[in-house]
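Summary of structural features
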Amino acid sequence: MLIRPPADILPSEITDPDVYRARRRFIAQAGGLALATALPAGHAHAALGPLVASPLSTTEGQTSRKAVTTYNNFYELGTDKSDPAENTHRLKPAPWQLRIEGLVNKPRSFGIDEILKLAPLEERIYRMRCVEGWSMVIPWVGIPLATLLKQADPQGSAKYVEFVSHYDKTTMTRGVLDWPYTEGLRLDEARHPLTLLAVGLYGDVLPVQNGAPVRLVVPWKYGFKSGKSIVAIRLVEKQPVTAWMKAGPSEYGFYSNVNPDVDHPRWSQATERRIGEFSKRKTLMYNGYADQVAAMYSGMDLRRFF
Ligand SMILES: Nc1nc2c(c(=O)[nH]1)N[C@H]1C(S)=C(S)[C@@H](COP(=O)(O)O)O[C@H]1N2
Ligand SMILES: [Mo]
């Protein structure tokens, strides 16, 4: 195995008094070596360097790192929850380029190291609600997507943003979905301060199974809106048709905002099971982010625009 398992990194190697050097090391890992899995809890922040704690974070208890990194949906790496963590060799997260294209005045590509330099890295603890009825609380690390979009200078005609995930048919799942995995947001949703471009979790470089090296996190929408391992961000005029909309137009709408009052045809969305808890919780409107996001949907029929 070429990549040293992070569990083998001794605390003495990562307790660096110079936090700037620690941050640079994180950048080197994220941009070059790419850690396959996460460090043991407790050593996480030493490995990462300084993170800005976000006021947007929830104070709820976090889901265990173990669950966050072994109970995943990443169909390119297999359709069982345990598959992605077992099939990380199917995706090489470095080197990586993320293109911003379409209706922008400055189309360009970013390496991961360039993305990390755009803004201070924030830790944001977000609730995540999967459309299948389970939820987690995850400490993400990233920068606002708005910061990256600004770099490309979107044109006035851009109204939506399409996100394209990496796909390699020689190593990844065939069939199931119309690959590559694509997702979409309205431009105001993409620019919303809660929308995060994540490069890490639990203080470490993003594990492959969680969407290395760069994925989207949109906490008021069902989990599938948060595309993983993104290679292209495309500004467009018309609402994109996403991979899940193609697969099941009656089950997966474009908006997919968490809404306890609008059921999925196969599942009630009124309650959820927080991974690690026994009894169910009531699902909150917009996953508990209503104060921040409800205004974007005022006047819309949420049954029609589901
Ligand atoms: N490329 C890609 N992105 C994806 C998926 C996928 O299968 N492929 N699954 C989605 C779904 S359904 C969920 S719930 C979240 C899960 O993210 P996590 O495994 O980091 O918790 O990723 C989303 N992003
Ligand atoms: Mo999901």
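Residues numbered from 1 in each chain as written. Chains lettered and ligands numbered in written order. Predicted model: local features only at pLDDT ≥ 70, side-chain atom pairs only at ≥ 80, totals over all residues. Heavy atoms only, no water.

1. Brief notes about the layout of surface pockets
Quantified by volume, the largest pocket comes out at close to 510 Å³. Lining the largest pocket we find 32 residues, and of these Asn 73, Tyr 181, Gly 223, Phe 224 and Trp 244 sit closest to its centre. Within the residue set of the lining of the largest pocket, elements represented by two or more residues are strand E5 (134–144) and helix H9 (243–247). The greatest single-element share of the lining of the largest pocket, amounting to four residues, is contributed by E5. Within the lining of the largest pocket, the residues separate by chemical class into 19 nonpolar, eight polar and five charged. (1 Å grid on protein atoms, 1.4 Å probe; cavity = no way out; pocket = protein on both sides within 12 Å on 5 of 7 lines; lining within 4 Å. Points joined across faces, edges and corners; volume = space filled by probe spheres on them. Helix = DSSP H or I, 4+ residues; strand = E, 2+ residues; numbered from the N terminus. Nonpolar A, V, L, I, M, F, W, Y, C, P; charged D, E, K, R; others polar.)

2. Let's talk about unusual backbone geometry
Cis peptide bonds are those with omega within 30 degrees of zero, and the linkage from Ala 94 to Pro 95 qualifies with -5°. Among the structural elements, Pro 95 can be located in the loop between helix H5 (83–86) and strand E2 (97–102). For the bond from Ala 212 to Pro 213, the omega torsion is -5°, close enough to zero to count as cis. Considering the arrangement of structural elements, one finds Pro 213 in the loop between strand E9 (204–205) and strand E10 (215–217). One non-glycine residue, Ser 229, lies in positive phi territory at about 45°. For Ser 229, the position within the fold is in the loop between E10 and strand E11 (230–236). Its relative accessible area of 1% is what places Ser 229 among the buried residues. One non-glycine residue, Tyr 286, adopts positive backbone phi at about 50°. (Buried < 20%, exposed > 50% of the residue type's maximum accessible area, 1.4 Å probe, protein only.)

3. A word on the side chain of His 192
Inspection of the secondary structure puts His 192 in the loop between helix H8 (187–191) and strand E8 (196–201). Residue His 192 is classed as buried on the basis of its relative accessible area of 11%. At 3.0 Å, the side chain of His 192 forms a polar contact with the backbone oxygen of Gln 292. (Polar contact = N/O pair within 3.5 Å; in protein donor to acceptor, adjacent residues only side chain to side chain.)

4. Re the site of ligand 1
Taken together, 18 residues surround ligand 1, and among them Asn 72, Tyr 75, Glu 76, Ser 226 and Lys 228 come closest. At 2.9 Å, a side-chain N or O of Arg 215 approaches an oxygen atom of ligand 1. Within the side chain of Lys 228, a nitrogen or oxygen atom sits 2.7 Å from an oxygen atom of ligand 1. When isolated, ligand 1 has an accessible area of 540 Å², and the protein chains bury 98% of it. Tallied by class, residues from the shell around ligand 1 come to eight nonpolar, seven polar and three charged. (Near = heavy atom within 4 Å. Areas by Shrake-Rupley, 256 points an atom, 1.4 Å probe, with all protein chains shown as cover.)

5. A closer look at the pattern of salt bridges
Pairs can form between side chains of opposite charge whenever their charged atoms are close. Taken as a whole and assessed by the stated rule, the structure comprises 18 salt bridges. Across the salt bridge formed by Glu 189 and Lys 221, the nearest N and O atoms sit 2.8 Å from each other. Taken together, the residues span a long stretch of sequence, with Glu 189 in helix H8 and Lys 221 in the loop between E10 and E11 at a distance of 32 residues. An identical accessibility class is assigned to Glu 189 and Lys 221; each is buried. Linked through salt bridges whose partners overlap, the residues forming this network are Glu 60, Arg 127, Arg 129, Glu 272, Arg 274, Glu 277 and Arg 281. (Salt bridge = Lys/Arg side-chain N within 4 Å of Asp/Glu carboxyl O.)

6. Some thoughts on the pairing of E11
Most of E11 sits inside the fold, with six of its seven residues counted as buried. As defined by bridge partners, strand E6 (residues 160–165) adjoins E11 across six bridges and the pair is classed as antiparallel. For Ser 165, the partnering residue across the bridge sits in E11 and is Ile 230. (Pairing = 2+ DSSP bridges.)

7. A word on the packing of aromatic side chains
Under the defined criterion, the tally for this structure stands at twelve aromatic pairs. Ring pairs connect the aromatic residues Tyr 160, Phe 254, Tyr 255, Tyr 286, Tyr 297 and Phe 305, which therefore count as one cluster. Over the ring of Tyr 71 we find Lys 81; its NZ or CZ atom is 5.9 Å from the centre of that ring. One residue, Lys 225, lies across the ring of Phe 254, its end atom 4.6 Å from the ring centre. (Phe/Tyr/Trp six-rings, centres within 6.5 Å; stacked < 30°, edge-to-face > 60°. Lys NZ or Arg CZ within 6 Å of the ring centre and 35° of its normal.)

8. Some thoughts on the confidence of the model for the chain
Low pLDDT means the predicted coordinates in that region are not meant to be read closely. Mean pLDDT for the chain: 88, with 84% of residues reaching 70 or above. Across residues 1–22, where pLDDT falls below 50, the model places 29 contacts with residues more than four positions away in sequence or in other chains. Here residues 32–46 is a poorly scored stretch, pLDDT under 50, and it has 40 contacts once near neighbours within four places are set aside; other chains count. (pLDDT = per-residue confidence, 0-100. Contact = heavy atoms within 4.5 Å.)

9. Some remarks on helix H7 (residues 145–152)
What sets the pattern is the α-helix's 3.6 residues per turn: residues three or four places apart point alike. Turning to H7, its buried residues are Leu 145, Leu 148, Leu 149 and Ala 152. Down the axis, H7 shows its buried residues gathered within 100° of arc, on one side only. Directly after H7, the chain includes Asp 153, whose backbone phi takes a positive value near 55°. (Arc of directions from axis to C-beta.)

10. Considerations on the environment of Val 218
Note on placement: Val 218 falls in the loop between E10 and E11. Ignoring anything within four residues of it in the chain, the contact list for Val 218 reads Leu 185, Thr 195, Lys 225 and Ser 226.

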